[in-house]
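Coordinates in review
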Amino acid sequence: MKKLVPILLCCCLLASCGAPSASEGPDTPPETPVSTPGEQQNATQPEPPPTPETVELEDFSLMEGIQLDQLGYRPSDPKIAVVPAETLEFRVVRLTDGASLLKGETGAPIFSAASLETVRLADFSALTEAGEYSVVTPDGKSHPFVISDNPYTELRKATLDFFECQKCGVALDLGVWSHAPCHTTPAAVLDADGKPTGVELDVSGGWHDAGDYGRYIVPAAQTVAQLLMGYEMSPNPDEDVLSVTWFEIEWMLKMQDAETGGVYHKVSCKNFNALDQMPDKETAQLVICPVSATATADFAAAMALASRFYPEQSETLLSAARRAWDWCLANPDAPGFKNPIGVVTGEYGDSSSSDERFWAACELFAATGDETCHEYIKNANTQTGLGWQQMGTFGIAAYLFQAGDKADPDVTERLRSRLIGSARSILDSCETDPYGISLGTNYYWGCNMAVGNNAMTLLLADRLEPDEAYQKAALEHMHYLLGKNALNQSYISGFGEKAMQNPHHRLSVAVKATVPGMVAGGPNADTSQDPKLNATRAGEPPMKCYIDDIESYASNEITIYWNSPVYFVLAALGM
Ligand code: G3I
Ligand code: 9MR
Ligand code: ZN
């Protein structure tokens, strides 16, 4: 292996010695300039003041094996890069002048079961000076990153602005992404067999779910909850979260059946349209799929939660929530949702609605003190999860943080211990993973949502029982998304030197301009789930089953509910 050979930019030394450069061994402390053999040192001259060594960054090529957050770190944050097992030493070099401000040795080798590689950690937490840097090893340099008071300011804004680009039913005036109102025609309600019931409804509005233009209640509920909770838990909340989120809530209200209180599972066309089609060009018949228990319970929960953010709408929201909850009570055994015959768009199938019901009971109890809901919670199994299939942790958070005096001590203790237990087990996974995250070897379609959601669980636990370890681990999850991973890939469009740029996102594909601030689904070890992924990544280790290609919907699509946990984490951390 090459030795890291810095150049001493020690003007006075160079001037006095006439030497073009000086080299040093890897163990020489950076603050001690050394001279090259043959140099004539004048013993009577005073020692020159210590000057940082410099490194000619242009002499080093980019090294994919040095993996770190491509945005950066706050001065007091832990700062850890992952490097190959062969790398024993590293420096952190300032981009503006090549000054080598920190020099260190890497840690012991660690095996990553997710990338099937042995790596080492380069800890440069001691560097706290603001600036723009690169980690440099004898074999190459990392992507640039900053140390600053808030490297994530723009990112947080972009992850929220993204929701403007997903708006349906209205004209968008967003530069290259502008379009006329889309999906405004009446939608035909289908029965479970896919036959039109004869009923047509106006359900315009809301956000397109993802790279496709469907609008689905279940993921919408998760997204609304995470955006509003991000607002609530932020030390520096973004005021526009309320108006941004209201756009979705208004649409959700339209999806409730006026007669029964049940909530339609989704609205879309029967098939996905072409990948390069703008929203207003998708003009096929819109269809509404039947009411489902998961959609109805999620809706009840999300509306009850929303009622505390919109005081002027609180009655409307609570009465909608109540009617949906009554539907749930009247339909205890409703089967899980399946796409009716002939409909192939997003299914969001889920055989169990018990976690959604648990969440709804917790939100309604917190909002109204309704004792029947309280009884329901007392008799229900505690549920966890923050992703569209498993929503229990939202219920736990509602009960622990919003029920106040109404809470029952036994229930509180049961839910407290469940939340802390979840967070502790996330921490345990982080400890055995060189990348410091909690997925283990479980990389699947949309697992970047789990990266964000696990960070959110940690921050909820931190709110309950503050512990620095929670915030630190949550931040490592953000670093993973921003490049500290085996592919050296930032999964967020527009952020990081190697940022995702070819999302499976119709609006971006249609105009050949990628919306910034979108979170990709991420690696998916079941490469058979899309042809492009399979053709390019089959047989790769789990953390590497990803391709930044517009065709790879099973690894490179984007969704509203992959952005919302990331937004939550940035807001809750005040970043
Ligand atoms: O949860 C299990 C996990 O425990 C297991 O270890 C792993 C390994 O097999 O599988 C995990 O389940 C996966 C599940 O997502 C997790 O949420 C399934 O394999 C996977 O097939 C499933 O993918 C879903 C995909 O639709 C296909 O149904 C994604 O979550 C979901 O986000 C995605 O949603 C689509 C919509 O239908 C349409 N709009 C775009 C959106 C994103 O691609
Ligand atoms: O574009 C669709 C994407 O939004 C979905 O997540 C994905 C899985 O349901 O399906 C995509 O559509 C593809 C379809 O399933 C198969 N033919 C190619 C489509 C992509 O253009
Ligand atoms: Zn639309």
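It should be emphasised that the depicted structure is a prediction, and the values quoted were computed from it without experimental measurement.

Attention now moves to the overall build of the chain. A count of helical and extended segments in the chain gives 16 helices and 14 strands. Considered along the principal axes of its C-alpha atoms, the chain spans approximately 95 × 55 × 45 Å. Looking at the chain residue by residue over its 575 residues, the buried ones come to 58%. The long-range fraction of contacts in the chain, counting pairs at least 24 apart against all pairs at least 6 apart in sequence, stands at 71%. Taken as a whole, the chain presents about 21900 Å² of accessible surface, with 51% of it coming from carbon and sulfur. Side chains of the chain carry 38 positive and 76 negative charges; the gap between the two charge centres is 2 Å.

Take the site of ligand 1 next. Neighbouring ligand 1 are 16 residues; Asp212, Asn442, Gln529, Glu557 and Tyr561 lie closest to it. Tyrosine 348 places a polar side-chain atom, nitrogen or oxygen, 3.4 Å from an oxygen atom of ligand 1. Glutamate 557 has a polar side-chain atom sitting 3.0 Å from an oxygen atom of ligand 1. For ligand 1, whose free accessible area comes to 780 Å², the fraction covered by protein is 65%. Here the shell around ligand 1 is composed, by residue class, of 7 nonpolar, 5 polar and 4 charged.

Our focus in this paragraph is the sheet that holds strand S5 (residues 110-112). The strand order S2-S6-S5 describes an open sheet built from 3 strands, whose pairing is antiparallel. Each edge of the open sheet is held by one strand with a lone partner, namely strand S2 (80-84) and S5. Neighbour-to-neighbour, the strand axes of the sheet open up by a mean angle of 50°, direction not taken into account. The sheet contact formed by S5 and strand S6 (residues 117-123) spans 3 bridges and is antiparallel. The partner of serine 112 across the bridge, within S6, is glutamate 117.

Take the domain arrangement of the chain next. Under the domain assignment, the chain is made up of domain 1 (11-32 + 49-147) and domain 2 (153-521 + 557-572). The C-alpha centroid of domain 2 is placed 40 Å from the C-alpha centroid of domain 1. With 27 residues of domain 1 in contact, the opposing surface of domain 2 contributes 25 residues. At the boundary of domain 1 with domain 2, total buried surface from both sides reaches about 1900 Å², with 59% on carbon and sulfur atoms. In terms of surface lost to domain 2, no three residues of domain 1 exceed Gln67, Gln70 and Leu71, which account for 29% of the buried area on that side. Taken together, the links from domain 1 to domain 2 amount to 1 salt bridge. Glutamate 64 is the partner of lysine 498 in a salt bridge, and the nearest nitrogen-oxygen pair spans 3.4 Å.

What follows covers the site of ligand 2. All residues adjacent to ligand 2 are Asp212, Phe272, Trp445, His504, Arg506, Tyr553 and Glu557. Contact between ligand 2 and arginine 506: an oxygen atom at 2.9 Å from a side-chain N or O atom of the residue. Side-chain polar atom of glutamate 557 to an oxygen atom of ligand 2: 2.6 Å apart, as the coordinates give it. Protein contacts shield 62% of the accessible area of ligand 2, which totals 440 Å² for the unbound molecule. In terms of residue class, the shell around ligand 2 is made up of 3 nonpolar, 1 polar and 3 charged.

Let's shift gears to the coordination of the zinc ion (ligand 3). Looking at the zinc ion (ligand 3), the protein donor atoms are Cys168 (SG), Cys182 (SG), His183 (ND1) and His208 (NE2), and they sit 2.0 to 2.3 Å from it. With 4 donor atoms in place around the zinc ion (ligand 3) and angles of 101 to 116° between them, the coordination shape is tetrahedral. Mapped onto the sequence, the donors of the zinc ion (ligand 3) take the spacing C-x13-C-H-x24-H. One end of the pair, cysteine 168, is in the loop between helix H2 (153-165) and strand S10 (187-190); the other, histidine 208, is in the loop between strand S11 (196-201) and strand S12 (215-216), and 40 residues separate them in sequence. Comparing cysteine 168 with histidine 208 shows no difference in burial state: the two are buried.

Rules and cut-offs
Residues numbered from 1 in each chain as written. Chains lettered and ligands numbered in written order. Predicted model: local features only at pLDDT ≥ 70, side-chain atom pairs only at ≥ 80, totals over all residues. Heavy atoms only, no water. Helix = DSSP H or I, 4+ residues; strand = E, 2+ residues; numbered from the N terminus. Buried < 20%, exposed > 50% of the residue type's maximum accessible area, 1.4 Å probe, protein only. Contact = heavy atoms within 4.5 Å. Areas by Shrake-Rupley, 256 points an atom, 1.4 Å probe, with all protein chains shown as cover. Lys, Arg positive; Asp, Glu negative; His and termini not counted. Charge placed at Lys NZ, Arg CZ, Asp CG, Glu CD. Near = heavy atom within 4 Å. Polar contact = N/O pair within 3.5 Å; in protein donor to acceptor, adjacent residues only side chain to side chain. Nonpolar A, V, L, I, M, F, W, Y, C, P; charged D, E, K, R; others polar. Pairing = 2+ DSSP bridges. Axes fitted to C-alpha atoms, helices over the stretch in contact; angles between N-to-C directions. Domains from an automatic or database assignment. Buried area = accessible area lost by both parts, 1.4 Å probe. Salt bridge = Lys/Arg side-chain N within 4 Å of Asp/Glu carboxyl O. Donors = N, O, S within 2.8 Å, 3.2 Å for Na, K, Ca; no water. Tetrahedral: all angles 85-135°; square planar, octahedral: opposite > 155°, others 65-115°.

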